[in-house]
2 protein chains.
Amino acid sequence: MADIEKRIARKMDKALLQFGMLKKNDHVIIGLSGGKDSLALSYHLARKAAAGYPVSFTIEAVHVRTDFATYPVGDDFLKIVESWGLKVTVIDVAVEDRLKEGCKLNCWWCSTQRRLELAKYAGSTGAAKIALGHHLDDILETFLMNMAARGEMSTMLPTMSYDRYPYTVIRPLAWTQKAEIEDFVKEMGLESFACSCEWDTRSPRKAARRALEELTSGSAGKKDAMFRALSNPVNRYLPVTVSERI
Amino acid sequence: MADIEKRIARKMDKALLQFGMLKKNDHVIIGLSGGKDSLALSYHLARKAAAGYPVSFTIEAVHVRTDFATYPVGDDFLKIVESWGLKVTVIDVAVEDRLKEGCKLNCWWCSTQRRLELAKYAGSTGAAKIALGHHLDDILETFLMNMAARGEMSTMLPTMSYDRYPYTVIRPLAWTQKAEIEDFVKEMGLESFACSCEWDTRSPRKAARRALEELTSGSAGKKDAMFRALSNPVNRYLPVTVSERI
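Residues numbered from 1 in each chain as written. Chains lettered and ligands numbered in written order. Predicted model: local features only at pLDDT ≥ 70, side-chain atom pairs only at ≥ 80, totals over all residues.

1. Considerations on the relation of the copies chain A and chain B
Its rotation angle being 180°, the transformation that places chain A on chain B also includes 0.0 Å of axial translation and leaves an RMSD of 0.0 Å. Considering both components of the superposition, the chain copies are consistent with a two-fold axis. When each C-alpha of chain A is compared by its distance to the rotation axis, Ala211(A) comes out closest, at 2.0 Å. Mapped onto chain B, 100% of the interface residues of chain A are again interface residues, and the two copies thus contact each other with one and the same surface. (Least-squares fit on C-alpha atoms with pLDDT ≥ 70 in both. Contact = placed C-beta atoms within 7 Å.)

2. Let's talk about the sheet that holds strand β3 (residues 88-93) of chain A
All names here are of chain A. Reading across from one edge, β3-β2-β1-β4-β6-β5 is the order of the six strands in this open sheet, with mixed pairing throughout. Among the strands making up the open sheet, the edge pair consists of β3 and β5 (159-161). Recorded for the sheet is a direction-independent mean angle of 25° between the axes of neighbouring strands. Here β5 pairs with strand β6 (residues 168-170) via three bridges, running antiparallel. The partner of Met160 across the bridge, within β6, is Val169. Against the sheet, helix α2 (residues 36-50) touches β1 (27-31), β2 (58-66) and β4 (129-131), its axis set at about 160° to β1. (Pairing = 2+ DSSP bridges. Helix = DSSP H or I, 4+ residues; strand = E, 2+ residues; numbered from the N terminus. Axes fitted to C-alpha atoms, helices over the stretch in contact; angles between N-to-C directions.)

3. A short note on the interface of chain A and chain B
Across the contact, 39 residues belong to chain A and 39 residues belong to chain B. Those elements that place two or more of their residues in the side of chain A that touches chain B are α5 (136-150), α7 (203-216) and α8 (220-230) of chain A. With seven residues, α7(A) is the largest single contributor of residues to the side of chain A that touches chain B.

4. Some thoughts on the nonpolar core
Of all hydrophobic cores here, the largest spans 116 residues; its most connected members are Ile30(A), Ile130(A), Leu144(A), Ile30(B), Ile130(B) and Leu144(B). Not counting residues up to four positions away in its chain, the partners in contact with Ile30(A) are Ser38(A), Leu41(A), Ser42(A), Leu45(A), Ile59(A), Ala61(A), Val62(A) and Ala131(A). (Core = buried A, V, L, I, M, F, W, Y, C linked by C-beta atoms within 7 Å. Buried ≥ 20, exposed ≤ 12 C-beta atoms within 10 Å, placed from the backbone.)

5. Things to note about the packing of helix α1 (residues 3-18) of chain A against helix α6 (residues 178-187) of chain A
Residue and element names in this part refer to chain A. As a packed pair, α1 and α6 sit with axes 9 Å apart at the nearest point and diverge in direction by 135°. Classified by the angle their axes make, α1 and α6 are oblique. For the pair α1 and α6, the crossing hand works out as left-handed. From α1, Ile4, Glu5, Arg7 and Ile8 reach across to α6, where they touch Glu180, Asp183, Phe184 and Glu187. (Parallel < 35°, antiparallel > 145°, perpendicular 65-115°, else oblique. Left-handed = near helix turned anticlockwise from the far one by under 90°.)

6. Points about unusual backbone geometry
All names here are of chain A. Despite not being glycine, Ser217 shows a phi value in the positive range, around 50°. Mapped onto the elements of the fold, Ser217 is located in the loop between α7 and α8. Look at Ser217 and you get exposed, because 11 C-beta atoms sit within 10 Å.

7. Points about the packing of α5(A) against helix α8 (residues 220-230) of chain B
In the contact formed by α5(A) and α8(B), the axes pass within 6 Å of each other and the chain directions differ by 110°. On the basis of their axis angle, the class for α5(A) and α8(B) is roughly perpendicular. Every residue of α8(B) that contacts α5(A) at Met147(A), Ala148(A), Ala149(A) and Arg150(A) is listed here: Lys222(B), Ala225(B), Met226(B) and Ala229(B). Residue composition of the contact of α5(A) with α8(B), by class: six nonpolar, no polar and two charged. (Nonpolar A, V, L, I, M, F, W, Y, C, P; charged D, E, K, R; others polar.)

8. Notes on the environment of Trp84(A)
Residues and elements named next belong to chain A. Along the chain, the position of Trp84 falls in the loop between α3 (77-83) and β3. Along the primary structure Trp84 and Arg65 are separated by 19 residues, whereas in three dimensions their C-alpha atoms are 21 Å apart. If near-sequence neighbours (up to four positions away) are discounted, Trp84 is found in contact with Ser42, Tyr43 and Ala46.

9. So, the sheet that holds strand β1 (residues 27-31) of chain B
Residues and elements named next belong to chain B. What the six strands build is an open sheet, ordered β3-β2-β1-β4-β6-β5; its pairing is mixed. Single-partner strands in this sheet number two, and they are β3 (88-93) and β5 (159-161). With strand direction ignored, the average angle separating the axes of adjacent strands in the sheet is 25°. Note that β1 and strand β2 (residues 58-66) share five bridges and pair parallel. Paired with Ile30 across the bridge in β2 is Ala61. Sitting on the sheet, helix α2 (residues 36-50) is in contact with β1, β2 and β4 (129-131), with an inclination near 160° to β1.

Fair warning: the whole summary comes from geometry, so function is off the table for now.
The following block contains the structure:
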């Protein structure tokens, strides 16, 4: 097994354990966009499901295909993921068609619609978990964006449960860095098969990405430290207003 | 009064109030380096002390001069600050001389030595507060640095009290942005008189500064939001490990 494969497997174990992602006999739906992240997620979860992760669980992948999707390098990824022993279901959804009159398509709308389909599918199978491919860099970028745009310290959670829904969203790549995923897909000879669309500008996220690179100089250790920081608020050294202090 | 002067005066009021910086009859020692920040701080605190801030307080400024200080534009700032009605005391300290054999001078050592002298002086006068010129950008940069270097969410506080010391450090410019201070000193025709030294590399802070600019695109609104975020941790959207969750 290549070093990078081992490293990601280890980091996934760490996330699964630290954030209590899997319980015995969980059925897990993987959100499979075809991008690097979801390919790495699918590969590693498939190996763990097959090779006897400490608790047994079952998985399958779901690819939500939109009405404006274009696949510059084809959709061979469906077969590749199946070759890893995963059942892959394709759900067609008319993201553009669902827009209300006068509303413009954007990334938020598209991702919400896709997530909705995943959730419906999860409900139909009684799955306990939906696994998404977000990695450590995504989580840090979201934290920085939420600070600057919303004035709050918050981010997407490695494990997110809902009061209103029976499933829990898990992000097993929470401890894995973007650069590691890139190394892995390169090592595996995989391409990114993700749908490319003209809407993908998301300049706030791009700004957050540049900020993260400036701050860490791309250092993996510094990004790890930032991720640890998210669970490590030192309240004594965070400003509180007088009224809160009392 | 120029708009920028009013704006800073208002923002200082906000910080003084929100973080409970001043109590009736406090004596305040201002740390006066001669840089833009401490000049703006001195000017505005002097006005508030003279013009009847809701609670009455007294102030004086202290300039700690080091043995390796060079003042490229002279030390006229001492007279300028005195012209604002402030008593200015100069304390000479042998920062370089105090170094132990084999230790290299650095910014941390220098600032610690200078702070020590300020603290001693505050003790000798029975001052309740030491006011420092750190502004909003400084606080945000420190937050980002602490995340990446220490793995914790923390920063320097607008109001910092100590168990071991009788005085409290206050940062009345906590809500004031660096760009506003720059506008102010320009408007006032002041120069930065701060000691320039060859040690001022501090690359982690420079990286944090670039990260902050990337993230906010220099937007004052986004920096304000980030400062608010420091008092606004949304615990539901911050990762906790399973053991903490239980």
